Every structure is written in structure tokens, then in C-alpha cells.
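Given next are the chains, with one letter for each unit.
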Amino acid sequence: MADRLGFKCIVAAVVLAFGVSLPVVAQTDRLDQLFAELSQSDEDGSFRIEQQIIAEWGKSGSASIDLLLRRGQDALDDGEPDVALDHFSALVDHAPDFAEGYFLRATSFYLLDEIGPAMADLEEVLTRNPRHFEAMRGLAVMMEETGRPEAALELYDMILQIVPYSMQAREDRARLHQQLDGQAI
């Protein structure tokens with residue numbers, strides 16, 4: 001507990017030293033452009049544009065927030081979701097409007113088998129960024145795992161409205177439809 005408190009104090013000092021300023025307008029314009037391209041793309045271009053959108057979501061516009069983001073991602077890569085959770089929690093504390101912080105913290109919670117907090121964070125992501133198809137995908141997986149396949153199916157449908165050529169969402173939707181049809185027999 002004392003370590004977490006000390007960690008949060010250090011993070012607060014870094015944030016205050018560097019400041020937090022998110023270039024919301026420029027990022028929104030770029031994302032709008034990418035989503036417009038995505039809606040007009042073919043199957044070959046869709047994945048590339050999806051990756052560009054995901055990269056845009058990860059841009060905070062703040063050196064201190066980027067540092068927390070990078071450290072948290074490094075901890076996830078090292079198989080330390082508990083350490084990542086500390087970094088992403090600090091990120092959310094200091095940049096509560098930055099949706100990607102909630103998304104990555106949800107990932108950490110999920111890896112720690114804390115489904116409730118993971119789902120709550122994904123809902124926060126979707127409140128701040130209703131087009132976050134990766135958060136929808138994560139929430140759909142958790143809906144399936146908690147016995148709510150109909151809700152998961154709705155989420156897969158929402159993903160396909162945003163990313164019509166998402167192979168993963170198509171496969172998940174087809175699998176879930178087959179599963180639900182089999183239950184009805």
C-alpha cells in the first residue's frame with residue numbers, strides 16, 4: 001500500500017512538472033478522417049486503417065502521460081499486469097479524459113481476473129470514445145465469459161458497423177450465432 005502511494009506521489013510530481021495537455025481537436029479531426037476512410041475502404045485497406053486509428057488513440061499529447069503509457073505497456077509485455085495496473089491507474093488519475101488509459105487498465109484488470117473492474121473501465125472507454133471498436137471487442141469477450149451471449153452479439157454487430165471488414169468480429173459473430181442457434185434446438 002505504501003509503495004502504491006509513493007508511486008502515485010511520484011507520478012503526480014511528474015505530471016505537475018511536465019503538465020498534461022491533450023491536443024483534442026487535432027486528434028479528433030485525424031480520427032474523423034480515418035473513420036471516413038475506413039467506411040470507404042475495401043477489405044485490403046481496412047486492417048491498415050484500423051491500425052492507424054489504434055495508433056491515434058494511443059497519442060496523449062503529454063510527455064508524462066506517454067511515459068506512464070509506455071511503462072504500463074512494457075509491464076504488460078513483461079507479463080506483469082499488476083505493475084501495469086499501477087501505471088495505468090496513475091495515468092487515469094492524471095488524465096481522466098484519455099480513453100486509452102482506461103482501455104489499458106481494463107486489459108490489466110482482465111489479466112488479473114478482475115472482470116468487474118475491467119468491464120467498468122471498458123464502459124468508461126466507450127463513454128469517452130464511442131467508436132473504440134477494441135473496447136467493444138473486449139467487452140464482447142467478457143459478456144460471453146459471463147454468460148451474456150446476446151449482449152456480446154450486439155457488440156459484434158456494433159463493431160461491424162464501424163469496421164465492416166473486421167475478420168475477427170465476423171468470425172466471432174458467426175461462431176456466436178452458431179452457438180445460440182444450437183441452444184435453441
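Structure: above.
What you are looking at is a predicted structure, and each value in this text was computed from that prediction instead of being measured.

Scanning the protein chain from N- to C-terminus turns up 10 helices and zero strands. Within the protein chain, the proportion of its 185 residues that are buried is 41%. Look at the contacts in the protein chain between residues 6 or more apart in sequence, and 55% of them connect residues 24 or more apart. Surface accessibility of the protein chain: about 9,900 Å² in total, with carbon and sulfur atoms responsible for 54%.

Our next topic: the nonpolar core. Among the nonpolar cores identified, the biggest contains 49 residues, and Phe35, Ile53, Phe88, Leu91, Leu122, Phe133 and Leu139 are the most heavily contacted of them. If sequence neighbours within four positions are ignored, phenylalanine 133 has contacts with Phe35, Glu50, Ile53, Ile54, Trp57, Ile159, Ile162 and Val163.

Our next topic: the pattern of salt bridges. Overall, the coordinates contain eight salt bridges when judged by the stated rule. In this structure, aspartate 32 and arginine 131 form a salt bridge, with 2.9 Å as the shortest nitrogen-oxygen distance. Of this pair, aspartate 32 sits in helix α2 (residues 24-40) while arginine 131 sits in the loop between α7 (115-128) and α8 (133-145), and the two are 99 residues apart along the sequence. Its relative accessible area of 36% is what places aspartate 32 among the partly exposed residues. On the accessibility criterion, arginine 131 (29% relative accessible area) is partly exposed. The closest approach of N and O atoms between arginine 175 and glutamate 144, which form a salt bridge, is 2.8 Å. Residue arginine 175 is located in helix α10 (residues 167-184), and its partner glutamate 144 is located in helix α8; the two are separated by 31 residues in the primary sequence. Taking the relative accessible area as the measure of exposure, arginine 175 reaches 36% and is therefore partly exposed. If you follow the salt bridges from partner to partner, you end up with Glu144, Asp172 and Arg175 in one network.

So, about the packing of aromatic side chains. Summed over all chains, the structure comprises three aromatic pairs. Here the aromatic rings of phenylalanine 35 and tryptophan 57 are separated by 6.5 Å at their centres, their planes lie at 40°, and the arrangement is tilted. One end of the pair, phenylalanine 35, is in helix α2; the other, tryptophan 57, is in helix α3 (residues 43-57), with 22 residues separating them in the sequence. Across this residue pair, the class does not change: phenylalanine 35 and tryptophan 57 are buried. Judged by centre distance (4.9 Å) and plane angle (50°), the ring pair of tryptophan 57 and phenylalanine 133 falls under tilted. Residue tryptophan 57 is found in helix α3, and its partner phenylalanine 133 is found in helix α8; the two are separated by 76 residues along the sequence.

So, about a negative patch on the surface. A cluster of acidic side chains, namely Asp74, Asp77, Asp78, Glu80 and Asp82, defines a negative patch on the protein surface. Mapped onto the elements, aspartate 77 comes out in helix α4 (residues 63-77).

Before going further, it helps to spend a moment on the packing of α8 against helix α9 (residues 149-162). Where α8 meets α9, the axes come as close as 8 Å, and the angle between the chain directions of the two elements is 160°. Between α8 and α9, the angle falls in the class roughly antiparallel. As α8 packs across α9, the resulting crossing turns out to be left-handed. Where α8 abuts α9, its residues Phe133, Met136, Arg137, Leu139, Ala140, Val141, Met143 and Glu144 lie against Pro149, Ala151, Ala152, Leu155, Tyr156, Met158, Ile159 and Ile162. Partitioning the contact of α8 with α9 into residue classes produces 14 nonpolar, no polar and two charged.

Conventions we followed
Residues numbered from 1 in each chain as written. Predicted model: local features only at pLDDT ≥ 70, side-chain atom pairs only at ≥ 80, totals over all residues. Heavy atoms only, no water. Helix = DSSP H or I, 4+ residues; strand = E, 2+ residues; numbered from the N terminus. Buried < 20%, exposed > 50% of the residue type's maximum accessible area, 1.4 Å probe, protein only. Contact = heavy atoms within 4.5 Å. Areas by Shrake-Rupley, 256 points an atom, 1.4 Å probe, with all protein chains shown as cover. Core = buried A, V, L, I, M, F, W, Y, C linked by side-chain atoms within 4.5 Å. Salt bridge = Lys/Arg side-chain N within 4 Å of Asp/Glu carboxyl O. Phe/Tyr/Trp six-rings, centres within 6.5 Å; stacked < 30°, edge-to-face > 60°. Patch = residues over 30% accessible without salt bridge, like charges linked within 9 Å, V, L, I, M, F, W, Y side chains within 5 Å. Lys, Arg positive; Asp, Glu negative; His and termini not counted. Charge placed at Lys NZ, Arg CZ, Asp CG, Glu CD. Axes fitted to C-alpha atoms, helices over the stretch in contact; angles between N-to-C directions. Parallel < 35°, antiparallel > 145°, perpendicular 65-115°, else oblique. Left-handed = near helix turned anticlockwise from the far one by under 90°. Nonpolar A, V, L, I, M, F, W, Y, C, P; charged D, E, K, R; others polar.

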